[in-house]
Amino acid sequence: MIQGIGRVAGLTLLAMVLWTVPEGSCLSVDELIIKYTNQERARAKNRDLKPLMPSKALTYIALKHSIHQARTGVMAHEDKKYPTGWRTTAQRFAKIGLSRSSWAENVFMKYPYGSDDSYARAAVRWWMNSPPHRANILESRMKYIGVGVSQSMSKPGLVGYATQAFASSPGSR
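Conventions used here
Residues numbered from 1 in each chain as written. Predicted model: local features only at pLDDT ≥ 70, side-chain atom pairs only at ≥ 80, totals over all residues. Heavy atoms only, no water. Helix = DSSP H or I, 4+ residues; strand = E, 2+ residues; numbered from the N terminus. Buried < 20%, exposed > 50% of the residue type's maximum accessible area, 1.4 Å probe, protein only. Pairing = 2+ DSSP bridges. Lys, Arg positive; Asp, Glu negative; His and termini not counted. Salt bridge = Lys/Arg side-chain N within 4 Å of Asp/Glu carboxyl O. Polar contact = N/O pair within 3.5 Å; in protein donor to acceptor, adjacent residues only side chain to side chain.

Novice: Would you mind going over unusual backbone geometry with me for this structure?
Specialist: Working note: non-glycine residues mostly have negative phi, and peptide bonds are mostly trans. Omega for the bond connecting Y111 with P112 falls within 30 degrees of zero, at -10 degrees, which places this linkage in the cis form. Looking at the secondary structure, you find P112 in the loop between strand 4 (103–110) and helix 4 (116–128). Although it is not a glycine, N46 adopts a positive phi angle of roughly 55 degrees. Relative to the assigned elements, N46 resides in the loop between helix 1 (29–43) and strand 3 (53–54).

So this is what it looks like as structure tokens:
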């Protein structure tokens, strides 16, 4: 079951994705990233990790951050070009009521973008091959996820920017 809620910058935000997605379903890139991230958590040996549940608030800050990265052409966790109050990862998570100890963030950029599925697989594969990003995905304290993906034509061809926001609680918006 996939359900959309709200809109940010003209994009429908993900509200709920059940862990088991029927084969052949048409999923958005955000949903595919959640699916592949949860598959990696399920594969983790001796971890007994539960699937991450989507959060409206986390999706909001992840999407807002990806849109900013696409507009500026800068992939970073923090950027002085971002509006005041949104420049740091801590400020973004504070906007939804989360403290430093309860959250983490992964960012990714890929050119050329390719298909939604190839992009989602590449993002999760890259994060899993990077020890700090892998640790965020496999952190047992993390229970919720928000994913935002934005595209840019700022370079020759389509560039995709993705942000994963993780937290032990869903946050509020």
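Novice: Which parts of the structure should I look at to understand the pairing of strand 4?
Specialist: Most of strand 4 sits out of view: six of its eight residues are buried. By the bridge criterion, eight bridges tie strand 4 to strand 6 (residues 157–167) in an arrangement that is antiparallel. Looking across to strand 6, one finds that F108 is bridged to A162.

Novice: Hey, could you run me through the side chain of R41 in this one?
Specialist: Among the structural elements, R41 can be located in helix 1. Among buried charged residues, R41 stands out as having no salt bridge; its nearest opposite-charge side chain is E139, 7.7 Å away. Only 2.7 Å separates the side chain of R41 from the backbone oxygen of I137, close enough to count as a polar contact. Looking at R41, its side chain comes within polar contact range of the main-chain oxygen of E139, at 3.3 Å.

Novice: Teacher, can you tell me more about the pattern of salt bridges here?
Specialist: One side chain can pair with another of opposite charge once the charged atoms of both are near each other. Under the defined criterion, the tally for this structure stands at four salt bridges. Of the charged contacts in the structure, one is a salt bridge between D117 and R121, with a shortest N-O distance of 2.8 Å. One end of the pair is D117 and the other is R121, both in helix 4 and four residues apart, which spans about a single turn. Of the charged contacts in the structure, one is a salt bridge between E139 and R141, with a shortest N-O distance of 3.0 Å. For E139, a relative accessible area of 23% gives the class partly exposed. For R141, a relative accessible area of 47% gives the class partly exposed.

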